[in-house]
Amino acid sequence: MAEKAFKRASFLGVQIDMARERTFQVCGINIRVHSRHHPAEYERLWAALHDLGTIFVRGHLGLMIGDRRSVRVRDHDWVVGYFYTFVDIDPAQRWLDVESGREADEDTRHSVRIPANLRPNMTEVPYVLDTENHHLLFINKERSCSLSASNVRKLLKELSSRDEITRQFGTVDLTIMTDTSQLDAMLSWPVIRKLHLTLERINPTDYEDDQEVFRRLADLGAKREERTYVKDDDEPTLRVDEPLRRVSRIAAQNGEVEVHGRDPSGHTGHAKSQKFPLVMKGEYIPARTSLMDALIGFAIDSFTGRRNMG
């Protein structure tokens with residue numbers, strides 16, 4: 001008899017499928033170094049960031065680059081590992097005695113002893129770095145863990161600004177991968193009074209539009225270009241034509257796009273592309289594969305063009 005594909009358990013006489021699919025969400029960061037555009041340089045950068053052993057704290061959330069290892073899958077080199085998240089507590093703050101329902105007294109507080117090197121509520125969040133495309137993908141949300149794109153960018157920005165990193169790699173540019181559908185929606189506001197583009201240095205790619213921006217900044221010896229378009233007083237709105245839309249897409253993935261005007265709901269305000277991270281969705285069966293392996297498979301599909309990267 002052939003082995004059954006799914007493990008099953010009986011509960012009150014009902015057969016339950018134990019191999020259920022679970023979904024996960026993925027976000028990404030576009031990382032750019034300009035010391036040398038080569039996969040080995042990105043692997044070296046990530047090793048240097050990891051070796052700093054620095055934690056980033058925002059509110060009560062702590063974050064650091066944890067495990068790191070290099071793997072080769074389908075003739076492609078990857079760096080994979082985990083971000084570690086944890087709760088950062090201050091033992092000197094007020095404590096609640098849940099049995100009495102009152103604030104703990106001074107003697108009770110002084111009895112609390114937490115070693116300085118320990119942090120509670122640790123979770124592991126898988127990541128995959130494609131050193132060829134210099135894209136970092138990580139689990140944004142899954143039943144067992146969650147991590148925002150903004151916090152990952154802040155961690156990497158903090159680490160990459162350290163002297164140990166800038167001496168070796170210069171400025172490291174970091175852009176949250178943007179949802180282009182949200183970008184297109186921004187550029188389609190009924191009234192756009194001002195459009196501001198920030199184009200940071202990009203690495204040479206196979207795309208003609210990217211190559212043009214790369215050559216222009218390189219020829220000018222510039223690390224960043226900023227363009228501002230302001231509506232004429234006699235016009236109802238800025239007209240975003242296709243050439244401007246193409247440049248805006250490049251800016252969204254290598255800098256930022258900011259729109260000021262009136263949105264489709266009639267509200268006056270502004271929107272920034274970095275507030276709309278690209279969120280990609282995948283599925284896996286925990287009984288058959290780990291979340292890390294599921295993310296690696298997702299990344300392979302993404303970077304070989306079988307998924308829409310935004």
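A brief structural summary. (Residues numbered from 1 in each chain as written. Predicted model: local features only at pLDDT ≥ 70, side-chain atom pairs only at ≥ 80, totals over all residues. Heavy atoms only, no water.)

## Section: the nonpolar core
Counting residues in each nonpolar core, the largest one holds 52 residues, and the members touching the most others are Ile31, Trp46, Ile65, Phe83, Leu136, Phe138 and Leu156. With nine residues, the single largest contributor to this core is helix α8 (residues 291-303). Apart from the residues within four sequence positions on either side, Leu136 is in contact with Cys27, Gly28, Ile29, Ile31, Trp46, Phe83, Tyr127, Val128, Leu129, Val152 and Leu156. Within the second largest apolar cluster, 21 residues are counted, among which are Leu199, Ile202, Val213 and Ala251. (Core = buried A, V, L, I, M, F, W, Y, C linked by side-chain atoms within 4.5 Å. Buried < 20%, exposed > 50% of the residue type's maximum accessible area, 1.4 Å probe, protein only. Helix = DSSP H or I, 4+ residues; strand = E, 2+ residues; numbered from the N terminus. Contact = heavy atoms within 4.5 Å.)

## Notes on the side chain of Asn30
Examined against the element boundaries, Asn30 turns out to sit in strand β3 (residues 22-32). Given a relative accessible area of 4%, Asn30 falls into the buried group. Within polar-contact distance, the side chain of Asn30 engages the backbone oxygen of Gln253 at 2.9 Å. Every residue in contact with Asn30, bar those within four places of it in the chain, is listed here: His134, His135, Asp173, Leu174, Thr175, Met177, Gln253 and Asn254. (Polar contact = N/O pair within 3.5 Å; in protein donor to acceptor, adjacent residues only side chain to side chain.)

## Overview of the environment of Glu41
Looking at the element boundaries, Glu41 is found in helix α1 (residues 39-51). Note on Glu41: relative accessible area 4%, which makes it buried. Separated by 93 residues in sequence, Glu41 and His134 place their C-alpha atoms 9.8 Å apart. Not counting chain neighbours up to four residues away, the residues in contact with Glu41 comprise Val33, Ser35, Arg36 and Phe169.

## Description of the sheet that holds strand β13 (residues 191-200)
The strand order β14-β13-β15-β16 describes an open sheet built from four strands, whose pairing is antiparallel. For this open sheet the edge positions go to β14 (224-230) and β16 (268-272), each flanked by a neighbour on one side alone. Recorded for the sheet is a direction-independent mean angle of 10 degrees between the axes of neighbouring strands. Sheet analysis places β13 next to β14, joined by seven bridges and oriented antiparallel. Among the inter-strand pairings, Glu200 is bridged to a residue of β14, identified as Arg224. Each of β13, β14 and β15 (255-262) is contacted by helix α7 (residues 242-253), which is oriented at about 55 degrees to β13, the strand it contacts most. (Pairing = 2+ DSSP bridges. Axes fitted to C-alpha atoms, helices over the stretch in contact; angles between N-to-C directions.)

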